[in-house]
Every structure is written in C-alpha cells, then in structure tokens.
Amino acid sequence: MVRRQWLNCWLISLGMVVLEPCVVMADSALLDKLVRAPYLIAPAISSDGHYLSGLVRQEDGTSQIVVWRAPDGFGTRDQLPYRRVDIDWMAWVGGGRLLLSTEDNGLVLYDAHLKRLRPLIEGRGPRPNELPPVLLSHLPDDPTSILMQWEDPGVAGFPAVYKVNAITGASEKIISAWKPVIRWYASPAGEVRLGEGFEGRQQILFASRSDGSWKKISKRDYFRGPAHSVLTVEAGGATALVLSAHASNTRDLWRMDVATGELSKRLAGHKYYDMSSALIDPVTDLAVGALYVAEATQQLVWRADKRDELKLVADRLGVKSVFLLASSRDGRRSLYRRNWRNRPSSYYLWDKETDSLEQLPEDGDVDVLPKVRTEGVSIRVPKMKQRMHALLSYPETGLTKKTVILLHGGPVRRAQDRFMPYVSLLTAHGYNVLQPNFRGSSGYGERWRKAGYAEWGRAMQQDVRSAAEWIVDEGISQPGDMCVTGGSYGGYAALMSSIKDDDLFACAISLNGVTSLPHLIYYLSQNRFHELTVPRILGRLAERTLRKRSPVYRAELVHTPVMLFQATADHNVPFEHGAMMADALAKHDKEYEFIVLKGAEHQLRREADRRIYLENSLDFLNRYLSSGYD
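Residues numbered from 1 in each chain as written. Predicted model: local features only at pLDDT ≥ 70, side-chain atom pairs only at ≥ 80, totals over all residues. Heavy atoms only, no water.

A. How the structure looks around the overall build of the protein chain. Helices and strands together make up the secondary structure of the protein chain, namely 11 helices and 39 strands. The C-alpha radius of gyration of the protein chain comes to 25 Å, within 12% of the 25 Å expected for a compact globule of 630 residues. If you line up the protein chain on its principal axes, its C-alpha atoms span 70 × 55 × 45 Å. Burial statistics for the protein chain: of 630 residues in total, 57% are counted as buried. A sequence separation of at least 24 residues applies to 54% of the contacts in the protein chain between residues at least 6 apart. With an accessible surface of roughly 26600 Å², the protein chain has 49% of that area assigned to carbon and sulfur atoms. (Helix = DSSP H or I, 4+ residues; strand = E, 2+ residues; numbered from the N terminus. Rg over C-alpha atoms; globule rule 2.2 N^0.38 Å. Buried < 20%, exposed > 50% of the residue type's maximum accessible area, 1.4 Å probe, protein only. Contact = heavy atoms within 4.5 Å. Areas by Shrake-Rupley, 256 points an atom, 1.4 Å probe, with all protein chains shown as cover.)

So this is what it looks like as structure tokens:
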C-alpha cells in the first residue's frame, strides 16, 4: 500500500527554513522493515561454549546487549543496560565473562555464571578521552586473566600493555609505552611479540628479543609499500599473519617470521582480489582459511576438516555456503552465518555432541522483503588496462528504464553484493542501481587503489561518468533517466557529477558528503597520524586546484536539482560541509533541498534518521525520474 507519510525533520529549501513536516510518498510497510535494525546483530559465543551474546532490537528500535545460555536459553536471556551506541566493542574472555568497552564507563565485565555486571578495572584504567583500550589476548590457559593495552599515563598518546585479573580487577603494567609504538600484538598465550608504530608515512615493526629488549625488523613507506597489515600472532609466538602485496599486485595472506620480519609462506592469494582477513581455528589458534570479496564475500579453506564442517552445515541448510564466525575452545559448539542478498544475515549454532543445528532468533517477516537481482559487470575506464568492476542490481521482474548510480564512501572501501536497505528500497520502486568500484576503491590490488590517490574530482570522477555512459551504451537507460547518489566520499562525487555530468544525470543526492577539500584536509590534519590519510587526498595539489575540485566553490556550475542530507554530530565530515554547500546553492539560486539530521552521526545509527534519509531520497528520485516504470 502506498500512502502519504509525515516526518519530523528540518527541510531547508532555497535557503529558507520550512517549519512544516516533510511530505513524501513511500510504501510504509516496506519502509518499516528496511529502516529497522536487524533483530539480532553481532552474535558471539563464549570460549567455553556455554553462553551466547548479541545485540537484540527492542520495541523502541534500539539494539540492546543480551546474554543467554546455549542452547535454547534465549527465552530466559539477561539484558544488559547498554545499547549499540553505548559500546565500542565486546568480547568473551575467561569462559563465561563478557568484556565490554563502553563510551562513558570504560571497561565493564559481565559474569554470566554469577549474573553480575561490574566495572573491570580497580584504580586507574582507560579513560574516555584517551586511546581506546584493545584486547590483546584472553589468555585461554589462564581464564582468570586477560591481556590488554591502553594509554600509558606516563607517555601520553601511546599505549602500555597490562595484565588484568578478571576476578579482582587488579591490573599490572608489564610493558611500558614508548614511541613510536601505537599497537602491540601478543600470542594467544600472552607473549607480546610485535609492536607497530609510525613515523610520518613510515610503518615500523619491532620484535621482542629473549632478553626483553626490542629490535626493528621492518620499515617501509606506508603508501609506496608494500606495507604489512598485521592481523595476529599465531600460536607459539614465532609467526604472525599479515596481509601484503609482497609478491603480486594484490594483497595476499602471508605467514611472517616474527624474529626477522621475513614473509616465510604465502598462505592464500587471488589474481584479481585482495585477501581481507584470515580464518583462525579457535582450538589450535592457527590459520585454516582466508576471506576475500569478489562480488560477495568468499572463503578459501585449506584444512580438510574445516571444509567438511562448512559443507556439512551448508548442506543441512540447503545452501551453497556458510561462514564460520566462532567456536568454543574445545570445538564442541560453533557459530555460523548465512548471508542473504535481500535480507539481514541468519545465524546458526551447531552442537557437535548432539548433532543439532539451532537457528538463532530473527524477524519473522524477513522473507517478505522484495527480492533483488544483482550481477557483477566490467566497465572500461580511460588510461587504465584494468577494467572497473561494478554491481548492477534491479527488480526481480527485470531491468527498468530508470537507474541510480550509487557511490560508496571511503573512498578506500568497495561495494559488494550483500543486503543493503537502500538498494532494496530503490529496486522495489522500479530503479536499477549501479554501484561502481571506481579507482581508489579497495579490494582490487595496489595499482587500482593507488590510481585514486590525489584524484578526487578528476580520474575518480571520470569513473563515475564511465559508469553512467556504460548504462547508456548497454541500452538500459538514457541520459536524463539517471540520478547519482552517495554518502561521505560518495556524496562528494555525486555533487561533482551535478557540476560536470548534467548531460547524463537528472539529479544528485549527497548524504554527509564532503563539499570542501581544503576544509577536509585542515580538519584531518588536526588528527593523529594524518600523514596516513591526508596524502591520499592532497598529493602535491595546490590550494587553487583543491578549490576547483570542491563542489562548494563551484556551486554556480551546478545544473541539476540537488538534495543534501547532513548530520549535526558527524565527526568524519563536519556539519559545516553541508551548511556551506546549502548557502552556496542558495546564493546562486539553484534548485536544492537541505535536510538537517539533528543529533545524527556519520553512520545513521538511529531508526528515525534512516527513515528520513530513505523516504526523502525516494521522494526526490520519484520527482525527477518519472519515466519507464508503472
């Protein structure tokens, strides 16, 4: 059923604040399903296999942390007084103890056996305005203790390593902080073997010696590389797992000798795609597989027993593949995820002793969400031998005449074939959605990623045009039957397309988009380790060039209607980016709408903000792309 719905938001049109609610048209029942959080998020299993935890959606739309006994104990679950927005991370330690790193209350420990929640650290622990704490090892052989790092009071801005008694909360500093190390890596047994630091653009790795001293084992330019992305130290402490383009264009999974920094064995790699992570066996603490993203997430598993387990669970469910999330230390119980294209993921608990496969709770109406067809396509781009990969999604009934070019943020990220409420909404209302992985995107090797450095508004922008031209060349849509939209960097690129590509696009939508490159670079330069972020944007470009590549300074050249969304609590792209762009468009009498998301963050965590974004975006598209669909 389609009905008119009223939303409470601020709408600023042509520079004037309209106090009335926004009026939009949308399928209300579908929106209700798409804007809500999944019923269960981030399930995890305790190391002893007795308990499960996760974020469960409440009646008010927020997600709350709950703990229940495995299996079949969800009906008597314990609800902790923390929401998704209150925590940075959570992890099971010491059997049935759940460790939470909270925004305001530091480290908190929940003992599921005793049903007791308390602050973890006695005395001086990590503080909210300092470096965030990191769990280094839950010390499986010493379940009463955990190994962590947080900021050293004596060396501001750098972390020390602490051993914490999970029973008493007492902590002991075992390694003091020293520059330039910002991240420590320990073996599962708790031996701190690696330290990682940065000096400008130089990534430096240090290894521990038997006498307690440290030696430099690696120093390399983070951009010219190949840099080593350390994942973990393996059992025994002699080797570490790293991602590196050491012997190819793409990042492979390597085993590194901790003592020397030499990459000793290539464990997994792909000709076209970067490896993204390793699959670790919780019993042996050794790598048994690796993951990468082609159209969707794929896994390479080289240990036969793990391959057999994955196939067994997939066969039981009647699907092609499932993904192992975690297991108890004894391997008796394992948690699996099944990915869907048109709905949130499903989760399953397999008990080997009883040979039972239990599905964890989820929404009962997810099967009625509209189905989306998605396929990978290859697009030629100027001055590159490598072709651009993109995802084309469309309604189950087939391609239509209207297309939305959806641009991902980052820009060192990538689009992948997975459930996206925005894509589901658009395809359900008769739009094709093309998501190009333009130059600068991650996952396609070093050359493709580096081809985007200092190319905001130029080569990367040309790739957006190439994607739209491909749609026209394929006979899917005609110029004027397309709009461009995106968030963060994607919002920036959408605004640049409204300036440079109005012959193709009928409109543009920006969510928390960058509008001024000089302002962004200044903002990032105030952050720690800005040498690792700013050069990707700045390169050797002059201030004049940065202004020419900034939508806010070229607003007089905007030739399409524009919709701007900007969050007031965005710490990635400050609110003034949207406000300045709205003022510039008003000054030049352009057709635009500016919706202020009061109190929202860069990622729209609140259901109300997601509703405003989806509903108003759809209404805007319907007004400017009306042809080709009944």
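B. Seen up close, the state of the cysteines. Here the structure, examined in full by the defined rule, presents 1 disulfide. Across a sulfur-sulfur distance of 1.5 Å, Cys 483 and Cys 507 are joined as a disulfide pair. Measuring the twist about the S-S bond at about 105°, one finds the Cys 483-Cys 507 disulfide to be right-handed. Of this pair, Cys 483 sits in strand 36 (residues 482–487) while Cys 507 sits in strand 37 (residues 505–511); the two residues are 24 residues apart in sequence, bridging distant segments of the chain. Cys 507 shares its class with Cys 483; the two are buried. (Disulfide = S-S within 2.5 Å.)

C. Molecular detail of the packing of aromatic side chains. Summed over all chains, the structure comprises 24 aromatic pairs. Ring geometry for Trp 150 against Tyr 162: centres 4.1 Å apart, planes inclined by 5°, an arrangement best described as stacked. One end of the pair, Trp 150, is in strand 14 (residues 145–151); the other, Tyr 162, is in strand 15 (residues 159–165), with 12 residues separating them in the sequence. As far as the burial class goes, Trp 150 and Tyr 162 line up, both buried. Here Tyr 272 and Tyr 273 contribute two aromatic rings whose centre-to-centre distance is 6.5 Å and whose plane-to-plane angle is 70°, an arrangement assigned as edge-to-face. (Phe/Tyr/Trp six-rings, centres within 6.5 Å; stacked < 30°, edge-to-face > 60°.)

D. Region of interest: the pattern of salt bridges. Evaluated as defined, the whole model comprises 38 salt bridges. Linking Arg 36 and Asp 363 is a salt bridge whose minimum nitrogen-to-oxygen distance equals 3.7 Å. Here the residue Arg 36 occupies a position in the loop between helix 1 (28–35) and strand 5 (40–45), and Asp 363 occupies one in the loop between strand 31 (356–359) and strand 32 (372–379), the gap between them amounting to 327 residues. In this structure, the salt-bridge partner of Asp 463 is Arg 439, at a minimum N-O distance of 2.7 Å. Linking Asp 463 in helix 5 (residues 459–473) with Arg 439 in the loop between strand 35 (431–436) and helix 4 (446–450), this pair joins segments that are 24 residues apart in sequence. Residues participating in the shared-partner salt-bridge network are Asp 281, Arg 303, Asp 305, Lys 306, Glu 309 and Lys 352. (Salt bridge = Lys/Arg side-chain N within 4 Å of Asp/Glu carboxyl O.)

E. Inspection of the nonpolar core at higher detail. Formed by 65 residues in total, the largest nonpolar core has its most connected members in Leu 434 and Trp 456. Excluding its chain neighbours within four sequence positions, the residues that come into contact with Trp 456 are Pro 411, Tyr 489, Tyr 492, Val 514, Leu 517, Leu 520, Arg 536, Ile 537 and Arg 549. The next biggest cluster of nonpolar side chains, apart from the first, holds 34 residues, and it includes Phe 419, Leu 426, Leu 621 and Leu 625. (Core = buried A, V, L, I, M, F, W, Y, C linked by side-chain atoms within 4.5 Å.)

F. How the structure looks around the sheet that holds strand 28 (residues 323–327). Spatially, the 4 strands line up as an open sheet ordered 28-29-30-31, and their pairing is antiparallel. Two strands lie at the open edges of the sheet, namely strand 28 and strand 31, each paired on one side alone. Strand-to-strand, the axes of this sheet are offset by a mean angle of 25°, without reference to chain direction. Pairing analysis gives 6 bridges linking strand 29 (residues 333–338) to strand 30 (residues 346–351), with the strands arranged antiparallel. The residue of strand 30 that forms the bridge with Arg 337 is Tyr 347. Its contacts with the sheet place helix 2 (residues 304–317) against strand 28, strand 29, strand 30 and strand 31, and it is angled at close to 115° to strand 30. (Pairing = 2+ DSSP bridges. Axes fitted to C-alpha atoms, helices over the stretch in contact; angles between N-to-C directions.)

G. View of the packing of helix 3 (residues 421–428) against helix 11 (residues 607–624). It is at 11 Å that the axes of helix 3 and helix 11 come closest, and there the two elements cross at 35°. Between helix 3 and helix 11 lies a crossing of right-handed hand. In this structure, helix 3 contributes Pro 421, Tyr 422, Leu 425 and Leu 426 to the contact, and helix 11 contributes Tyr 613, Leu 614, Ser 617, Leu 618 and Leu 621. Looking at the contact of helix 3 with helix 11, its residues break down into 8 nonpolar, 1 polar and no charged. (Left-handed = near helix turned anticlockwise from the far one by under 90°. Nonpolar A, V, L, I, M, F, W, Y, C, P; charged D, E, K, R; others polar.)

H. Expanded view of the sheet that holds strand 5. The strand order across the open sheet built from 4 strands is 5-6-7-8, with neighbouring strands paired in antiparallel fashion. Whereas interior strands pair on both sides, the edge strands pair on one side only; in this sheet they are strand 5 and strand 8 (78–83). Between one strand axis and the next, the sheet turns by 20° as a mean value, whatever way the strands run. Sheet topology places strand 5 next to strand 6 (residues 51–57); 4 bridges connect them, and they run antiparallel. Each bridged residue has a counterpart across the sheet, and for Ile 41 the counterpart in strand 6 is Leu 55.

I. Region of the structure containing unusual backbone geometry. Ala 70 connects to Pro 71 through a cis peptide bond whose omega is -10°. Within the secondary structure, Pro 71 sits in the loop between strand 7 (63–69) and strand 8. The phi torsion at Lys 383 lies on the positive side, around 65°, for a residue other than glycine. Along the chain, Lys 383 falls in the loop between strand 32 and strand 33 (388–395). Accessibility expressed as a relative area gives 85% for Lys 383, which makes it exposed. Its identity as a non-glycine residue notwithstanding, Ser 488 has a phi of 60°, on the positive side.

J. Seen up close, the side chain of Arg 610. Position of Arg 610 among the secondary structure elements: in helix 11. For Arg 610, which is buried and forms no salt bridge, the nearest opposite charge comes from Glu 607, at a distance of 4.8 Å. For Arg 610, the side chain forms a polar contact with the main-chain oxygen of Leu 604, separated by 3.1 Å. (Lys, Arg positive; Asp, Glu negative; His and termini not counted. Polar contact = N/O pair within 3.5 Å; in protein donor to acceptor, adjacent residues only side chain to side chain.)

K. Layout of helix 6 (residues 489–500). Given a rise of 1.5 Å per residue, 12 residues ought to cover 16 Å, and the 16 Å separating the end C-alpha atoms of helix 6 matches this to within 8%. The buried fraction of helix 6 amounts to 11 of the 12 residues, a majority that puts the element mostly inside the structure. The complete set of buried residues in helix 6 reads Tyr 489, Gly 490, Gly 491, Tyr 492, Ala 493, Ala 494, Leu 495, Met 496, Ser 497, Ser 498 and Ile 499. (Expected span 1.5 Å × (residues − 1).)

L. Main features of the environment of Asn 339. Its place among the elements puts Asn 339 in the loop between strand 29 and strand 30. We classify Asn 339 as partly exposed; its relative accessible area is 34%. Separated by 42 residues in sequence, Asn 339 and Thr 297 place their C-alpha atoms 9.0 Å apart. In this structure Asn 339 touches Phe 323 and Ser 345, once residues within four positions along its chain are discounted. A polar side-chain atom of Asn 339 sits 2.6 Å from a polar atom in the side chain of Arg 337. Polar contacts involving the side chain of Asn 339 include one to the side chain of Ser 345, which spans 3.3 Å.

So, to be careful, I would describe these as geometric facts and stop short of saying anything about function.
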